[in-house]
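These are the residues of each chain, in order.
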Amino acid sequence: MNPQSQKVMEILEKHYSGSGTALIYRNSFELLIATILSAQTTDTQVNKITASLFAKYPTPADMAALSEEQLAQEIKGCGLYRNKARNILATVKMLLDEYAGEVPQTREELIRLPGVGRKTANVVLANAFGIPAFGVDTHIFRVANRLALTKSKTPRQTEEQLTGLIRKEKWNAAHHWLIWHGRKICKAQKPLCSDCPVSSLCPGKINKA
DNA sequence: AACTCGGGGCA
DNA sequence: TGCCCAGAGTT
């Protein structure tokens, strides 16, 4: 790893550890559902929903028994909830039909599940199964390029580079820190560089002040 | 490549 | 109030 990148990650870890929230889940199925729900929705909001959702419907079979409208009401409060209700219902049925109610452990199989794209698949692979992958969303793509943690034109390249840049034990936490940093400081518009803990190491610094 | 879904968070 | 999302599917 590039020593400069390692320094950046160390500072971010120290600065952001304990801040914000992470997804709450107890197993690969819960992580899969929580991650599908997290599209365009913050973790705090997802956690509000999943607390009762998983208590009432802990398994794919429990969830598959719901109607689309019932599930929609259960997850109301996250963005795009009608789409997600339809997708999650189709996903849990596919888990039952094709995977004996288990969550598959390859990217190809995960992406075939409705509502699961490359970002969600990677989060599940890494955090549920310890398989090298890094979920790259819009924030992480922007932050990694500005900080020159990666030099990539596509999220796919960012994903591959970050997977190698960060130790396996830190994937989950680093994923969280990078997104949090992107939301609060390294924003798409008008980033708050004067409040940024790694501003002195950032070649992409926009606000010189 | 552009468009849609959608309630929440934040200015 | 208005703007922008911790993406994925469809056209």
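About the thresholds
Residue numbers run consecutively from 1 along every chain, following the written order of its sequence. Starting at A for chains and at 1 for ligands, labels are handed out in the order in which the entities are written. Thresholds applied to this predicted model are a pLDDT of at least 70 for local features of residues and 80 or more for the giving and counting of side-chain atom pairs; totals over whole chains, interfaces and linings are not thresholded and use all residues. The side-chain quantities take in all heavy atoms of the structure and omit both hydrogens and water. Neighbouring residues are identified by heavy atoms, a residue being near a molecule or strand if any of them is within 4 Å of it. For the purposes of these results, a polar contact is taken to be a pair of N or O atoms within 3.5 Å, where, inside protein, one atom must be able to donate a hydrogen and its partner to accept one; residues adjacent in sequence count only when each atom of the pair is a side-chain atom. The numbering of helices and of strands both runs from the N terminus, where a helix is a DSSP run of H or I of at least 4 residues and a strand a run of E of at least 2. For the purposes of this description, domain bounds are those given by an automatic or database domain assignment. We call two residues contacting when some pair of their heavy atoms lies within 4.5 Å. Buried area, as used here, totals the accessible surface that two parts lose on assembly, with accessibility defined by a 1.4 Å probe and the loss added over both. Any Lys or Arg side-chain nitrogen found within 4 Å of a carboxyl oxygen on Asp or Glu counts as a salt bridge. Following the grouping adopted for this structure description, the nonpolar residues are Ala, Val, Leu, Ile, Met, Phe, Trp, Tyr, Cys and Pro, the charged ones are Asp, Glu, Lys and Arg, and the polar ones are all others, Gly among them.

Enquirer: Could you clarify how one ought to interpret the protein's contact with DNA strand C in this entry?
Expert: In the vicinity of DNA strand C, 23 residues are found, and the nearest of them are Gln-40, Asp-43, Thr-120, His-139 and Ile-179. Backbone atoms, meaning sugar and phosphate, make up 61% of the atoms of DNA strand C lying within 4 Å of the protein. A distance of 2.8 Å separates a phosphate oxygen of DNA strand C from a polar atom in the backbone of Gly-115. Take Asp-137: an N or O atom from its side chain is 3.5 Å from a sugar or linking oxygen of DNA strand C. When contributions to the surface near DNA strand C are tallied by element, the ones reaching two or more residues are α8 (118–129), α9 (138–146) and α11 (171–184).

Enquirer: Before we go on, may I ask you to explain the domain arrangement of chain A in this structure?
Expert: Often, the extent of an interface is quoted as the loss of accessible area on bringing the components together. Domain annotation of chain A identifies domain 1 (3–20 + 134–201) and domain 2 (28–129). Domain 1 and domain 2 are separated by 26 Å when their C-alpha centres are compared. On the side of domain 2, eight residues touch domain 1, which itself brings ten residues to the contact. Each partner contributes to the roughly 740 Å² buried at the junction of domain 1 and domain 2, and carbon and sulfur atoms together form 50% of this total. Applying the counting criterion to the domain 1 and domain 2 interface returns two salt bridges. Residue assignment for the side of domain 1 that touches domain 2 shows that the elements contributing at least two residues are α10 (155–165) and α11. Counting residues per element, the side of domain 1 that touches domain 2 draws most heavily on α11, at four residues. Across the side of domain 1 that touches domain 2, the residue classes tally to three nonpolar, three polar and four charged.

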